Every structure is written in structure tokens, then in C-alpha cells.
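Listed below, chain by chain, are the residues.
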Amino acid sequence: MEENKGNKKQQNQINIELPDDVAEGVYANLAMVAHSNSEFVIDFIRLMPGVPKAKVKSRVVVTPEHAKRLLNALKDNINKYEKNFGPIKQSEESPKFPMNFGSNVGEA
């Protein structure tokens, strides 16, 4: 019976490949979130000081269920980070962003 549990565990594992160009990551200092009834769209934006135009560097589209999983994973990781390194400071000033971006938008 133990042998079947091991096989089932192996079947549930996913082999994830991280290509070199993706592994480098993309720097973003603003995220904007929009949603419809079937998906959440997260745009990661690089906003540079003194430059009136910001560029979306990456867009991720997820289902509502996955958006909630992402929220929980971020909460968990922030809690772990703050236990190790102390509270994350937030400035009172909100970042400036394009007003014509769209509806149902949140920012992070």
C-alpha cells in the first residue's frame, strides 16, 4: 500500500523548466490589476523617475482561483520575509500612473 502512495506522489509532480532568458527576470516597480468575470490581468510596469511614459514590461493573465492562490502565496511570503528581515516600510506617497489605463484597476 505504501508503494502506491509513492507512485501517486510522483504522478502529481510537475517538471518545471526555467529558460535562461526568463530566469533573468524583469524589473517592475508598479503592478496594475484589472479583471473580468473570468480572468485577472496583472500588468507589471517599469516607472522611471522624470519620465512621463511608463512601459508594461510583462502581462500575466490568470483565472480568479489562481489570483486568489497568488494572493495567499504573497501573504505567506511577506509574513516569512518580515519575520526574517523586519517590517516592510511603505511610503505614504502613491505612485503616479496613467489615468487612461482602464477600468477595474488596482495597483501594487
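Residues numbered from 1 in each chain as written. Predicted model: local features only at pLDDT ≥ 70, side-chain atom pairs only at ≥ 80, totals over all residues. Heavy atoms only, no water.

The name that an unreviewed UniProt entry assigns to the protein chain is DUF3467 domain-containing protein, with the source organism given as Marivirga salinarum.

A.B. asks: So, the side chain of D43: which residues are in play, and what are the values?
C.D. replies: When you line up the elements, D43 lands in strand 2 (residues 40-46). Here R59 takes part through its side chain, which lies 2.6 Å from a polar atom of the side chain of D43. (Helix = DSSP H or I, 4+ residues; strand = E, 2+ residues; numbered from the N terminus. Polar contact = N/O pair within 3.5 Å; in protein donor to acceptor, adjacent residues only side chain to side chain.)

A.B. asks: Outline the environment of V61, supporting the account with residue identities and numerical values.
C.D. replies: The residue V61 is located in strand 3 (residues 55-62) in this model. Taking the C-alpha atoms as reference points, V61 and V41, 20 residues apart in sequence, are found 4.5 Å from one another. Each residue touching V61, except ones within four places of it in the same chain, is listed here: E39, F40 and V41. (Contact = heavy atoms within 4.5 Å.)

A.B. asks: Describe helix 3 (residues 64-85), naming the residues involved and giving the relevant values.
C.D. replies: Helix length check: helix 3 (22 residues) gives 31 Å between terminal C-alpha atoms against 32 Å at 1.5 Å per residue, within 8%. With its phi angle positive at about 95 degrees, G86 sits one or two positions after the end of helix 3. (Expected span 1.5 Å × (residues − 1).)

A.B. asks: So what's going on with the pattern of salt bridges? Residues and values would help.
C.D. replies: Inspection of the entire model under this criterion finds 3 salt bridges. For the salt bridge of R59 with D43, the shortest nitrogen-to-oxygen distance reads 2.6 Å. Taken together, the residues R59 in strand 3 and D43 in strand 2 connect sequence positions 16 residues apart. A residue is classified by how much of its surface remains accessible, and R59, at 56% relative accessible area, is exposed. A salt bridge links D76 to K80; the nearest nitrogen and oxygen atoms lie 3.1 Å apart. With D76 and K80 both in helix 3, this residue pair falls 4 residues apart, about one helical turn. Take D76: its relative accessible area is 37%, and that puts it in the partly exposed class. (Salt bridge = Lys/Arg side-chain N within 4 Å of Asp/Glu carboxyl O. Buried < 20%, exposed > 50% of the residue type's maximum accessible area, 1.4 Å probe, protein only.)

A.B. asks: Lay out the pairing of strand 2 in plain terms, naming residues and giving numbers.
C.D. replies: Relative to strand 2, strand 1 (residues 30-35) runs antiparallel, the two sharing 6 bridges. Looking at the pairing, A31 lines up with F44 of strand 2. Where strand 1 hands over to strand 2, the hairpin turn is made up of 4 residues, counted between the paired strands. Across 7 bridges, the pairing between strand 2 and strand 3 is antiparallel. Its bridge partner being in strand 3, R46 is matched across the sheet by K55. (Pairing = 2+ DSSP bridges.)

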